[in-house]
Structure formats: structure tokens, C-alpha cells
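# Architecture at a glance
Okay, here's what each chain looks like letter by letter:
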Amino acid sequence: MERLYRIPGGRTMNYIGLDIHKKNTQACMKNEAGKVLLTGRFPSRPKDLNAFIEKVEEAGGPASFVIESTGFCIPVYDIIAGRGHQIKVAHPLKVKALTAGRAKTDKNDAEMLAELLRLNAIPESYIPPAELRELRELTRFRRSLVRNSTEIKNQIHAFLASRGIETPPEHRSPFSKKHQDWLRSLHLLQIDDLLDIYLLLLTKIEKVEGEIERSNQRKDDVELLKTIPGVGDVIANTLVAEICDIRRFSSPENLFSYAGMVSSIHQSGEKGWAGPITKQGNARIRHIVVEAAYSHVRCSKDSDLTRFFERKKSEKGTKKAIVAMARKLLGVIYQMLKKREVYHAH
């Protein structure tokens, strides 16, 4: 660790940018005037981070930290926050846009983070409270297991097709008990092994769903969302875990944007038109609300949402109609959580 200037005592704010990586972290500390007081590199281990924070605390004044959002930023966030310091988490893509043209080095990145923090110009990423992070981990783990099970089913279909084997008409309900028995009757090693993996994944999914259902996080929000026909424990808990605090969204449109469910805009000269949704945002909200929309259509045939879906389906087809309905459903969810009201079908 290299100290460039003597750190004066007092109560002036110090601004610390940390460019964190799996193995090492680059640090830069600036004072209120923008002068670099401390810079250096240390291993990305808790004991080394704590040792660095102790050096910062030697300055005697308050300290504010900033890190970029990464897959391994949470332990760093918890250590710094646990020591009573202010900390912000920066959105990496938005920071990149602000620092375009600057040489990309760890030292420069840490210094730029510290400078943006000093100027109060950090584009922030939201970090949920610890209890909701645990629920997120469960719902996201479930989703990964479901994706894996879908991949296994696709592999089984592909293998049958490669052998020219057609599923008999009486087994058209895929992966029902009768269909599984028929697959076993083929006596194909690959099919048997893939089916074993698929069934194991189903037991793991069931186990995780049980943990999700037993969760007590934001139970009032979960029960509120379950008043929507087609929304059960898993969908409701996933929405609560991903949305977290509805108060951080100033309007339904703000939530749509966060979920990537706003139309893309194209413009050329004097002409402009709206394209498909951007899909830039929280894909988990987008996927689960589409799942909820399909479920709602099956469960509530005469609701305003279902009638909206049927109108759009005749105009644009099922896929576009369900996305449009899912966006409308997300708006309903926003109002329910904001106003603390149960679902009304009409």
C-alpha cells in the first residue's frame, strides 16, 4: 500500500473507490478537494480489506466507499457497511458510459470511482437487505434448476429425433408418468440416464420450492400478490425478492423500465417508431411476470386482464399478446403493492 500524502486529521469526508476483482482489489482515497491521499492494491480477502479500512480510519474523519456491482461484491459491501461506513454500489455499465475514453486500468478505475463519489455522480445499483438477498438466492436457484430440467427434456427430444423415434399419440403429454414409462421401455442408455437426471432435478426443485414457501420474508406482500388468480407462493416470493421495496419506483413506468418491459424506440430523420420491448433490465422479473400472465389466463377466464389478452391475441398473436398482458399485470402489481390493495378482476 502506497501513501502518497500525509493524511490530515479532522472531520472532512474522505472518498474511497475500490475496483474489486476475485483475486485483488485496487484502492484509491481522495479528500474533499480531490487530492489523492492513499492508493494501493491488496488481496481480495476479508482480512486484507479490514486492514485497508483500518488505514482509512486512521484519517479520523468520516469515510464514504464505492464499489462496482459484480457477482462477488456483496461480501465487500457487508464488511464495509458492518463497520459503520457509508457505501454505494455503482452500476458498471453506467459508470463505463461516464468514463468512456479513459485508459482502462485498475488504478484508473479506482481513482475514477473515488472521483465520481466525491462529485456525488455515482449511478447506483440497488442492494437489497440481507433477508431479501437470501430469498433471492432461493428463487434464483430454483430458476436455474428449472432451466436445467428444461435442457434435459430438450436433450431427450433431440436424441429421439436423431434416432427417428416418434412419440406415440397416446403419450403426447410430455414427461407424464405414462410417457416416462414409454421412454424406459425403449431400453436406451442415454434416455435412461437423462431421465434419471431429470427426475433428480424435479426432486431438487420441489425441495427448493418448499423452502421458498416456508420463507417469512415480506409475508404481507406475498399474501397480497397471491390474491391474483394464478399467482402462487413461488411466483409471489420471486416477485417480492426481485422488486424488493416498491417505494424505490416512482411510477409503474419506472418499474417497467427496470424489468426491460418498455418499447424500444427507433428514429431516422423525422420518422420514429416503437419496436419490441428492450429486454434491458431485470430479466427475472420479466420472466416470472410472463409466467404469471400465462397462469392467470388459465385460471381467470373473465378478468379484465384475460379479456385484454384475448383482444391482443387476435391482433398480434399469442406471444406478443402475453407480453403485453404481462406488462399490464406488472402495472397492476405495482398499484397493489403501492396502495396495499388486493387484486380486483374488473
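Please read all numbers here as calculations on a predicted model, not as lab measurements.

Glancing now at the overall build of the chain. Counting its regular elements, the chain contains 13 helices and 8 strands. Here the C-alpha radius of gyration of the chain, 26 Å, is well above what a compact globule of 346 residues would show, namely 20 Å. Considering only C-alpha atoms, the chain reaches an extent of 80 × 55 × 50 Å along its principal axes. In the chain, 59% of the contacts between residues at least 6 apart in sequence involve partners at least 24 apart. Put simply, the chain has 57 plus and 42 minus side-chain charges, and the middle of one group is 4 Å from the middle of the other.

Take the nonpolar core next. Leu 225, Ile 228, Ile 243, Met 325, Leu 329, Leu 330 and Ile 333 are the most contacted members of the largest nonpolar core, which has 41 residues in total. Mapped onto this core, the elements with two or more residues apiece are helix H5 (130–162), helix H8 (219–225), helix H9 (233–243), helix H10 (252–258), helix H11 (283–299), helix H12 (304–316) and helix H13 (318–339). Among the elements that take part in this core, H13 stands out by supplying 10 residues, more than any other. Residues contacting Leu 329, with those up to four places away along its chain left out, are Ile 228, Val 289, Ala 292, Ala 293 and Leu 305. Membership of the second largest hydrophobic core comes to 22 residues, among which are Ala 27, Leu 37, Phe 65 and Val 76.

Cut-offs used in this document
Residues numbered from 1 in each chain as written. Predicted model: local features only at pLDDT ≥ 70, side-chain atom pairs only at ≥ 80, totals over all residues. Heavy atoms only, no water. Helix = DSSP H or I, 4+ residues; strand = E, 2+ residues; numbered from the N terminus. Rg over C-alpha atoms; globule rule 2.2 N^0.38 Å. Contact = heavy atoms within 4.5 Å. Lys, Arg positive; Asp, Glu negative; His and termini not counted. Charge placed at Lys NZ, Arg CZ, Asp CG, Glu CD. Core = buried A, V, L, I, M, F, W, Y, C linked by side-chain atoms within 4.5 Å. Buried < 20%, exposed > 50% of the residue type's maximum accessible area, 1.4 Å probe, protein only.

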